[in-house]
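# Breakdown of the fold
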Amino acid sequence: MKTAAILYGRNDDYKEDDRAVICITSLLETFDEVWYIDWNSPEERGSLLWQIEDRLPKTGRLKHIVIPPSVVKQLTPADASVGGSVLPNNIGVRRCDADWIVVTTMDIIAPNKEIFNNFLKSADKNTFYTLSRRDIEYGDVIKNGLDDWRLFRNILDKTSEERRFTAKVTPNDNYSLINCCGDFQLASKEVWRKIKGYEEQMYYACYPDTNIQKKAVLNGFGLEAVFNVPLYHMSHTGMGNDGTSPSKQKYNDPYEWVEWFEESKNSSYWGLANADIEIETF
């Protein structure tokens, strides 16, 4: 059984390099493979991964894709978010052949490998899972040095409480299950393929994670929130509990994409399946 984690980022100083090092290192320790898609980083700066690669373990299991601004401009509207998530996540998911695939964010410290793998032993390959994060302060993670995160996680695994933070973005939204459901979404490869990943016309901020959970239900799959697999979300500047952020200038319509949504608009080429994209391995 092969596991993989997908995440994207942008080299624009919105998130700290140290945060990225902790996140990616933790993912590499838990998953068999990690895919990082660098999306729309300024041309003069290049990929975030190139900037931090010397600080990451050399495993041969870290996959790297770069989508530069010149390409992003052709794929998204001019007013789309510079760091939109749906296309980069789909690019990774479509090319990944792991049995179980997690889509996550650069703010996460992954669950302990043994705990995560024990959960997978009884996981249903016809269920879409969202694993509830536990919130921690980024400053607490790094105050004793970058290599202290493992000890910090071990302590939290024994002392932290489950995060049961319900969410509902429209009157008949029975799909979110938890607030910020997109921080750690897990499904088998077969489920991701059947639902065609995230909706690629959701160019703006918010709700693609709720939408994909509704897509799972519409396609006949189960939907479940998981609270007893500890994973941790490192706080970051400017993000409110409701998902608002200064970096988000325009929002997807929750009624179009949640309340009234009934069928995927993605083509059979979702995830740019027909594009020849270079994949580096670190």
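Because the structure is a prediction, the values reported are computed rather than measured. (Residues numbered from 1 in each chain as written. Predicted model: local features only at pLDDT ≥ 70, side-chain atom pairs only at ≥ 80, totals over all residues. Heavy atoms only, no water.)

## Quick look at the sheet that holds strand β10 (residues 232–234)
Cut-off, in case you're wondering: Should DSSP find at least two bridges between two strands, the strands are regarded as paired. Comment: elements are numbered from the N terminus, with helices defined as DSSP H or I runs of at least four residues and strands as E runs of at least two. A contact between two residues is defined here by any heavy atoms of the two lying within 4.5 Å. The angle between two axes is taken between their N-to-C directions and runs from 0 to 180 degrees, where each axis is a line fitted to C-alpha atoms and a helix contributes only its stretch in contact.
Ordered in space as β5-β10-β7, the three strands form an open sheet in which the pairing is mixed. For this open sheet the edge positions go to β5 (108–109) and β7 (134–136), each flanked by a neighbour on one side alone. The pairing of β5 with β10 spans two bridges and is classified as antiparallel. Its bridge partner lying in β10, Ile 109 is registered against Tyr 232. The strands that helix α7 (residues 149–159) touches are β5, β7 and β10; relative to β10, the one it contacts most, it runs at about 130°.

## Notes on the pairing of strand β2 (residues 33–39)
Stated precisely, the cut-off is as follows: For each residue, the accessible area found with a 1.4 Å probe, counting protein chains only, is set against the maximum for its type, and the residue is called buried under 20%, exposed over 50%, and partly exposed in between. Look down the strands so they point away from you; if the path from the first strand over the helix to the second goes clockwise, the crossover is right-handed.
Judged by how many residues are buried, β2 sits mostly within the fold: seven of seven residues are covered. Along β2, one buried face is formed by Glu 33, Trp 35, Ile 37 and Trp 39 and the opposite face, lined by Val 34, Tyr 36 and Asp 38, is buried too. As paired elements, strand β1 (residues 3–9) and β2 share six bridges and run parallel to each other. Bridge assignment links Ala 4 to a residue of β2, and that residue is Glu 33. Taking the sense of rotation as the criterion, the β-α-β connection linking β1, helix α1 (residues 17–30) and β2 turns out right-handed.

## Description of the side chain of Ser 47
Our working rule: Counted as a polar contact is a pair of N or O atoms within 3.5 Å, where, for protein atoms, one must be capable of donating a hydrogen and the other of accepting one, and residues adjacent in sequence contribute only when both atoms are in side chains.
Along the polypeptide, Ser 47 turns up in the loop between β2 and α2 (48–52). For Ser 47, the side chain forms a polar contact with the main-chain nitrogen of Leu 49, separated by 3.1 Å. In terms of polar contacts, Ser 47 uses its side chain to reach the side chain of His 64, at 2.8 Å.

## Some remarks on the packing of aromatic side chains
In plain terms, the rule: Centres within 6.5 Å make a pair out of two Phe, Tyr or Trp rings, where for Trp the six-membered ring is used; the pair is then stacked when the planes are under 30 degrees apart, edge-to-face when over 60, and tilted otherwise.
Taken as a whole and assessed by the stated rule, the structure comprises nine aromatic pairs. Their ring planes at 85° and their centres at 6.3 Å tell us that Phe 116 and Phe 184 sit as a pair that is edge-to-face. Of this pair, Phe 116 sits in helix α5 (residues 113–121) while Phe 184 sits in strand β8 (residues 184–188), placing them 68 residues apart in sequence. Taking the relative accessible area as the measure of exposure, Phe 116 reaches 0% and is therefore buried.

## Remarks on the confidence of the model for the protein
Applied cut-off: The pLDDT value tells you how sure the predictor is about a given residue, anywhere from 0 up to 100.
Averaged over all residues, the pLDDT of the protein equals 94, while 96% of them reach at least 70. Ignoring residues within four places in sequence, the model shows residues 239–244, a span with pLDDT below 50, making 11 contacts including any to other chains.

## With respect to the packing of α1 against α7
Here is the rule we go by: Should an angle fall under 35 degrees it is called roughly parallel, over 145 degrees roughly antiparallel, and 65 to 115 degrees roughly perpendicular, with every other angle called oblique. For a crossing to be left-handed, the near helix must be turned anticlockwise from the far one by less than a right angle; the clockwise case is right-handed.
It is the contact of α1 with α7, at a shortest axis distance of 11 Å, that shows an interaxial angle of 65°. In this view, α1 runs roughly perpendicular relative to α7, as classed from their interaxial angle. Crossing angle aside, the handedness with which α1 passes α7 is right-handed. Together, Ile 22, Thr 25, Ser 26, Glu 29 and Thr 30 of α1 and Trp 149, Arg 150 and Arg 153 of α7 make up the contact between the two elements.

## Focus: the sheet that holds strand β4 (residues 100–104)
One open sheet holds the eight strands; their spatial order is β9-β6-β8-β4-β1-β2-β3-β11, and the pairing between them is mixed. Every other strand in the sheet has two partners, leaving β9 (222–226) and β11 (280–281) as the edge strands with one partner each. Across the sheet, α1 touches β1, β2, β3 (62–67) and β4, and the angle it forms with β1 is around 165°. The strands that α5 touches are β1, β4, β6 (127–131), β8 and β9; relative to β8, the one it contacts most, it runs at about 40°.

## Things to note about the pairing of β1
In terms of burial, β1 is largely enclosed, as six of its seven residues are buried. As paired elements, β1 and β4 share four bridges and run parallel to each other. Looking at the pairing, Ala 4 lines up with Ile 101 of β4.

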